[in-house]
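# Results of the structural survey
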Amino acid sequence: MNGAAIPAAAACILLGSRAAGKLKDRENLLTAWEASLQRMEGAVAFNGAALPRVLEAGKDPLLPELDELLRRMAETPAAPVETLLHDLPWNPLLTDTEKNTLLGCFTALFSPSLSQQGQALAKARESWQEYVSSCKQIRQKNARLYLNLGWLGGAALFILLCE
């Protein structure tokens, strides 16, 4: 038996598990953003809250982007929205389309009109529901595939290296 057979097989299994895990992490992230947008929409609709309070309502441990935006607003309260949103550190699991949806929403939140803020949040939340639904379908379809491929690849490599 080749001494590399077990570590090679384990590596294949881990790769499959990590790929499936990333799909779940992405689903969790999108679900957290959906809930955050819903909480922010509620803060605008029910309280007419000031922007920092709206963003506070949306805070979540999975969403450090909101913490960073609040920090930037506290440091430079008179900064234009473009400056505050420039180079915001986004989670790499978000697509460009999802980032642009959030950027458009955040830009609209700086509007003095509560109706514009509410409309922007409602529109972003509707888009986000589609993103979450699509992500769930992809995860359900591909997660098991990645796990099985990892196990099968590991088993095949183990057999090949043991001969």
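See the structure above.
A brief look at the structure comes next. Residue numbering note: each chain is counted from 1, following its sequence as written. Only residues with pLDDT of 70 or above have their local features reported here, since the model is predicted, and side-chain atom pairs are shown and tallied only from 80 upward, although totals for entire chains, interfaces and linings are computed over all residues. Side-chain metrics rest on all non-hydrogen atoms present in the structure, leaving aside hydrogens and water.

Glancing now at the overall build of the protein. On a plain count of helices and strands, the protein comes out with 6 helices and 0 strands. Listed by position from the N terminus, the elements making up the protein come as α-α-α-α-α-α. Values of the radius of gyration come from C-alpha atoms, whereas the globule rule sets the reference at 2.2 Å times the count of residues to the power 0.38. Computed over the C-alpha atoms, the radius of gyration of the protein is 21 Å, more than 25% above the 15 Å expected from 2.2 N^0.38 for a compact globule of 163 residues. The principal-axis extents of the C-alpha atoms in the protein amount to approximately 70 × 30 × 20 Å. Note on contacts: a residue pair is in contact if any heavy atoms of the two residues lie within 4.5 Å. Sequence-distant contacts, at least 24 apart, represent 66% of the contacts inside the protein between residues at least 6 apart. Note that accessible areas follow from Shrake-Rupley with a 1.4 Å probe, and for residues the cover is restricted to the protein chains shown. For the protein, the exposed area adds up to about 9400 Å²; of that, 59% sits on carbon and sulfur atoms. Note on conventions: DSSP H or I runs of at least 4 residues are helices, E runs of at least 2 residues are strands, and numbering of each starts at the N terminus.

In this section: the nonpolar core. By nonpolar core we mean a set of buried residues, namely Ala, Val, Leu, Ile, Met, Phe, Trp, Tyr and Cys, connected to one another through side-chain atoms within 4.5 Å. Note on exposure labels: buried denotes an accessible area under 20% of the residue type's maximum, exposed denotes more than 50%, and partly exposed covers the range between, all computed with a 1.4 Å probe on protein chains only. Counting 33 residues, the largest nonpolar core has Trp33, Leu55, Phe106 and Trp128 as its most contacted members. Listing elements by their share of this core, those giving two or more residues are α1 (5-47), α2 (51-57), α3 (64-75), α4 (81-85), α5 (96-109) and α6 (114-162). The element contributing the most residues to this core is α1, with 8 residues. The contact partners of tryptophan 33, leaving out residues within four places of it in the chain, are Leu63, Glu65, Leu66, Trp90, Leu94, Leu102, Phe106 and Trp128.

Helix packing geometry: the angle between the two helix axes and the distance between the axes. Lines fitted to C-alpha atoms define the axes, with helix axes restricted to the stretch in contact, and inter-axis angles between N-to-C directions lie between 0 and 180 degrees. At a minimum axis separation of 8 Å, α5 and α6 run at an interaxial angle of 165°. In terms of their interaxial angle, α5 and α6 are classed as roughly antiparallel. At the point where α5 passes α6, the crossing takes the left-handed sense. Of the residues in α6, those touching α5 at Thr97, Glu98, Thr101, Leu102, Cys105, Ala108 and Leu109 are Gln116, Gln117, Ala120, Leu121, Ala124, Ser127, Trp128 and Tyr131. For the contact of α5 with α6, a count of residues per class yields 9 nonpolar, 5 polar and 1 charged. Each angle is binned into one of four classes, with values under 35 degrees roughly parallel, values over 145 roughly antiparallel, values of 65 to 115 roughly perpendicular, and all other values oblique. Crossing handedness follows the turn of the near helix against the far one: under a right angle anticlockwise gives a left-handed crossing, and clockwise gives a right-handed one. Residues are sorted three ways: Asp, Glu, Lys and Arg are charged, Ala, Val, Leu, Ile, Met, Phe, Trp, Tyr, Cys and Pro are nonpolar, and all the rest, Gly among them, are polar.

Structurally, the position occupied by glutamine 117 is in helix α6. What makes glutamine 117 buried here is its relative accessible area of 7%. With residues near it in sequence (within four places) discarded, glutamine 117 still touches Val44, Ala108, Leu109 and Ser111.

Bringing the packing of aromatic side chains into the picture now. Aromatic rings from Phe, Tyr and Trp, with only the six-membered ring used for Trp, were paired whenever their centres fell within 6.5 Å, and each pair was classed as stacked if the ring planes differed by under 30 degrees, edge-to-face if by over 60, and tilted otherwise. If you walk through the whole model with that rule in mind, you get 5 aromatic pairs. With a centroid separation of 6.4 Å and 10° between ring planes, the pair formed by tryptophan 90 and phenylalanine 106 is classed as stacked. With tryptophan 90 in the loop between α4 and α5 and phenylalanine 106 in helix α5, this residue pair connects regions lying 16 residues apart in the sequence. Across the pair, exposure class does not vary: tryptophan 90 and phenylalanine 106 are buried alike. An angle of 75° between the planes, with centres 5.0 Å apart, marks the rings of tryptophan 128 and tyrosine 131 as edge-to-face. Here tryptophan 128 pairs with tyrosine 131, and both are found in helix α6, just 3 residues apart, close to one helical turn. The pair formed by tryptophan 128 and tyrosine 131 is uniform in burial state, with each residue classed as buried.

Now for the pattern of salt bridges. Salt bridges are counted wherever a side-chain nitrogen of Lys or Arg sits within 4 Å of a carboxyl oxygen of Asp or Glu. Tallying each qualifying case throughout the model produces 9 salt bridges. Put simply, arginine 125 and glutamate 41 hold a salt bridge, and the shortest N to O gap is 2.4 Å. Here the residue arginine 125 occupies a position in helix α6, and glutamate 41 occupies one in helix α1, the gap between them amounting to 84 residues. Here the two residues arginine 125 and glutamate 41 agree in accessibility, since each one is buried. By sharing partners, the salt bridges in this structure join Glu68, Arg71, Arg72 and Glu75 into a single network.

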